[in-house]
Every structure is written in structure tokens, then in C-alpha cells.
Amino acid sequence: MATLSPYKIPFLGLSVGFHTYEFELDDSFFAAYEFSEITHADIQIDLELEKQSTMMVLKFELGGVVETECARCGDPLEIEIEHSDRLVVKFGDTTGTSDDDILEISTSEHLLDLSQYLYEYAHLALPSRSVHEDEEDCNPDALDLLDDLGVDDDPDEPLDPRWDALKDLK
Ligand SMILES: [Zn+2]
């Protein structure tokens with residue numbers, strides 16, 4: 001059993017009712033994914049799984065700290081995350097996702113692999129744009145360079161009203 005991924009749940013033998021699990025996601029988890037935006041992580045996950053006769057309902061609570069890249073200056077950026085999500089797993093004839101939140105799993109399987117879901121939930125927990133909250137915390141050299149290159153910081157983003165206030169000060 002030692003070789004089993006800690007993120008696989010042997011659901012076949014579970015009794016009907018509630019079961020709870022705890023997972024941790026660390027650097028090595030995300031290092032396995034080439035396109036992970038998360039470079040370092042210390043995430044705790046509580047999972048409440050309700051097994052019913054034809055399906056399972058899984059409720060996830062994620063919390064912790066991750067490191068990603070600031071989208072403005074490229075420096076490492078630490079972010080506290082909190083996210084909850086829900087997954088319904090229906091027992092069927094084949095295994096495959098029928099919907100974002102509904103997974104059909106064949107009863108010929110006996111393990112439910114959650115790693116892809118946990119990876120996605122952690123990324124969903126990131127803000128839509130990860131930047132140093134205060135531009136002054138950004139790497140000044142990187143910002144100067146962007147300035148020199150004439151790169152517009154936010155071509156598509158509506159101006160943050162707080163920045164408008166700053167402009168008035170000038
Ligand atoms: Zn930054």
C-alpha cells in the first residue's frame with residue numbers, strides 16, 4: 001500500500017455515510033505539473049465525503065499559503081488562499097468527466113484519484129491576477145525595464161480606482 005498516491009481514495013470498500021480525510025499539498029506536488037503557476041505551497045485540505053448507494057458527494061476546504069509569480073514584476077509572491085469546492089461522483093459504466101463538477105466513475109474501478117482536482121482547486125483559489133498588492137512592493141528594476149520597453153501594465157484591465165486617486169495626487 002505504500003506506493004499508493006496519498007490522493008487516491010479506495011472508495012469501493014467505503015461504507016455508506018460520511019468519511020473525512022485530510023490532505024497536504026507541498027512543493028513536490030506542484031513540481032509534478034509542468035504548467036503549475038504555483039511554485040511553493042503549504043496547503044491543508046479537509047475533505048468530507050458522503051457515500052451514497054449510487055454516488056458520492058465530496059466537499060473540499062482548502063487553506064494555506066502558496067508562492068507564485070507576480071504578474072507585474074515577475075518576483076516571487078506569497079499569497080494566502082482559501083477555497084471550497086464540491087465534486088459529485090456518480091457510479092456508472094464508464095469513467096469520465098461529464099461536467100466540471102460531476103465525475104462518472106466505473107464501478108470496475110476501486111480508486112478515486114483526486115490529484116487533478118486538488119491541483120485545479122489550488123489554482124482556482126488564486127486571485128484572477130496575482131500581483132503585489134502595493135506596486136511599491138514590486139521589484140523596481142523589473143518595473144523600470146517594463147517602462148523602458150513601453151510595456152503597458154494592464155492593457156485589458158479597467159483602471160483600478162485607487163490608482164486614479166494616486167494620479168490626482170500628482
Ligand atoms: Zn510585483
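Details of the structure are given in the entry above.
What counts as what
- Residues numbered from 1 in each chain as written.
- Predicted model: local features only at pLDDT ≥ 70, side-chain atom pairs only at ≥ 80, totals over all residues.
- Heavy atoms only, no water.
- Core = buried A, V, L, I, M, F, W, Y, C linked by side-chain atoms within 4.5 Å.
- Buried < 20%, exposed > 50% of the residue type's maximum accessible area, 1.4 Å probe, protein only.
- Helix = DSSP H or I, 4+ residues; strand = E, 2+ residues; numbered from the N terminus.
- Contact = heavy atoms within 4.5 Å.
- Pairing = 2+ DSSP bridges.
- Lys, Arg positive; Asp, Glu negative; His and termini not counted.
- Salt bridge = Lys/Arg side-chain N within 4 Å of Asp/Glu carboxyl O.
- Polar contact = N/O pair within 3.5 Å; in protein donor to acceptor, adjacent residues only side chain to side chain.

Undergrad: Tell me about the nonpolar core, and name the residues and values.
TA: Within the largest apolar cluster, 41 residues are counted, with the highest numbers of intra-cluster contacts made by Ile43, Leu58, Phe60, Leu112, Leu114 and Leu118. Listed by contribution, the elements that provide at least two residues to this core are strand E2 (17-25), helix H1 (27-31), strand E3 (40-51), strand E4 (55-69), strand E5 (76-92), strand E7 (102-106), helix H2 (115-124) and helix H3 (140-149). Tallying contributions element by element places E5 first for this core, with six residues. In contact with Phe60, not counting residues within four places along its chain, are Ile45, Asp46, Leu47, His83, Ser84, Asp85, Leu87, Leu114, Leu118 and Tyr121.

Undergrad: Could you give an account of the pairing of E7, naming the residues involved and the relevant values?
TA: Each regular strand shows side chains that alternate between the opposite faces of the sheet. Relative to E7, E5 runs parallel, the two being bridged by five bridges. Its bridge partner being in E7, Val88 is matched across the sheet by Ile102. Examined bridge by bridge, strand E6 (residues 96-97) and E7 share two bridges and lie antiparallel to one another. Each residue of the ladder has a partner; that of Gly96, found in E7, is Glu104.

Undergrad: Can you tell me about the side chain of Asp85, naming the residues and giving the values?
TA: Along the polypeptide, Asp85 turns up in strand E5. Among buried charged residues, Asp85 stands out as having no salt bridge; its nearest opposite-charge side chain is Arg86, 8.3 Å away. One polar contact links Asp85 to His83, side chain to side chain, over a distance of 2.7 Å. Not counting residues up to four positions away in its chain, the partners in contact with Asp85 are Leu58, Lys59, Phe60, Asp101, Tyr121 and Leu124.

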